Amino acid sequence: MFKMLLPAVAALGLVAFAAKTQPVAQSVPSPVEGSSQDGLGWHVSHEGAMAKLAYGVANSDQLAMMVTCAPGDATAAVYGDVRPTVTAAVALSPTDETRIAVKASPLRSLVNDGRINVHGEGGVHRISATPVERRAIAEFLGYCARKQA
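Worth saying up front: this structure is predicted, and the values here are computed from it rather than measured. By convention here, each chain's residues receive numbers from 1 onward along its written sequence. Per-residue local features are limited, in this predicted model, to residues with pLDDT of at least 70; the limit for side-chain atom pairs, both in listing and counting, is 80 or more; totals at the level of whole chains, interfaces and linings are taken over all residues. To get the side-chain values, all heavy atoms of the structure are used, and hydrogens and water are removed first.

### Considering helix α3 (residues 131-145)
The first and last C-alpha atoms of α3 sit 21 Å apart over 15 residues, in line with the 21 Å expected at 1.5 Å per residue. Categorising residues by exposure relies on relative accessible area from a 1.4 Å probe, with only protein chains included: less than 20% of the type maximum marks a residue as buried, more than 50% marks it as exposed, and the intermediate range marks it as partly exposed. Put simply, DSSP H or I for four residues or longer makes a helix, DSSP E for two residues or longer makes a strand, and each gets a number counted from the N terminus. Listing the buried residues of α3 in full gives Glu133, Ile137, Phe140, Leu141, Tyr143 and Cys144. The arc enclosing the buried residues of α3, seen along the axis, measures out at 155°, which places them on a common side. Packed against the buried residues of α3 are β2 (40-47), β3 (50-57), β4 (63-69), α2 (105-112) and β10 (123-128). How far a helix is expected to stretch is found by multiplying one less than its residue total by 1.5 Å. By arc we mean the arc of the directions from the helix axis to the C-beta atoms, nothing more. Whether two residues are in contact is decided by their heavy atoms, any of which lying within 4.5 Å being enough.

Right under this line is the structure:
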């Protein structure tokens, strides 16, 4: 049963992700403050000292990308089907983990401009963030830059 359920859930997540992202060549309309199409959006959570920034459906496993860090980390781990488009990202292992500088321009652009370019199997896409999400993302990055939780 799980062999059939996991691909179905993964496919649903990718379909939902594709509905929210736009190819870079197209203009991306600004979303209404505090709203997300199809339930997709940026979400911040904490698990102990670890902070998590995820793009996907809240309170679910349907995530396109997750960024995690602990206070004082100069880099954050990036997981998921898409990764920020940046030359400073460094793959650490043959797993799905990529590390990115917390002060890297894609993450700062997400806070300052409300958008980030990501790449995955479907090419390069732009994901946007609402003003409310941008404030939460700025708090996440501030938490990562702190020396203590």
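Still more ground to cover, so stick around.
### Side note on the nonpolar core
Here is a general trend for soluble globular proteins: nonpolar side chains tend to be buried in one another's company. Put simply, buried Ala, Val, Leu, Ile, Met, Phe, Trp, Tyr and Cys residues joined by side-chain atoms within 4.5 Å make one nonpolar core. In terms of nonpolar packing, the biggest core is built from 27 residues, with Trp42, Met65, Val67, Ile116, Ile137, Phe140 and Leu141 touching the most fellow members. The element best represented in this core is α3, accounting for 5 residues. Setting aside chain neighbours within four positions, we find Trp42 in contact with Leu53, Ala54, Tyr55, Met65, Leu110, Ile116, Ile127, Ser128, Ala129, Glu133 and Ile137.

### Considering the pattern of salt bridges
Here a salt bridge means any side-chain nitrogen of Lys or Arg lying within 4 Å of a carboxyl oxygen belonging to Asp or Glu. Taken as a whole and assessed by the stated rule, the structure comprises 1 salt bridge. Two residues, Glu47 and Lys52, come together in a salt bridge whose shortest N-O distance is 3.0 Å. Overall, the relative accessible area of 56% leaves Glu47 in the exposed class.

### Structural notes on α2
Since the α-helix packs 3.6 residues into each turn, any two residues three or four apart lie on the same face. Of the positions making up α2, those classed as buried are Pro106, Leu107, Leu110 and Val111. Summarising the axial view, the buried residues of α2 lie within an arc of 140°, below the 170-degree limit, and thus occupy one face. With respect to the buried face of α2, the exposed residues turned more than 90 degrees away are Ser105 and Asn112. For α2, the elements touching its buried residues are β2, β6 (83-84), β8 (98-101), β9 (115-120), β10 and α3.

### Here's the deal with the packing of aromatic side chains
Here a Phe, Tyr or Trp ring, Trp counted by its six-membered ring, pairs with any other such ring whose centre lies within 6.5 Å, and the pair is stacked when the planes are under 30 degrees apart, edge-to-face when over 60, and tilted otherwise. Evaluated as defined, the whole model comprises 1 aromatic pair. For the ring pair Trp42 and Tyr55, a centre distance of 5.1 Å and an interplane angle of 50° mean the geometry is tilted. Of this pair, Trp42 sits in strand β2 while Tyr55 sits in strand β3; the two residues are 13 residues apart in sequence, bridging distant segments of the chain. Take Trp42: its relative accessible area is 6%, and that puts it in the buried class. Overall, Tyr55 belongs to the buried group, its relative accessible area being 0%.

### Things to note about the state of the cysteines
Counting rule for disulfides: a pair of cysteine sulfur atoms within 2.5 Å. Under the definition given, this model contains 1 disulfide. Each disulfide pairs two cysteine sulfurs, and for Cys69 the partner residue is Cys144, the sulfurs being separated by 1.7 Å. Here the disulfide of Cys69 and Cys144 is left-handed, its torsion about the S-S bond being about -75°. Linking Cys69 in strand β4 with Cys144 in helix α3, this pair joins segments that are 75 residues apart in sequence. Using a relative accessible area of 0% as the deciding quantity, one classes Cys144 as buried.

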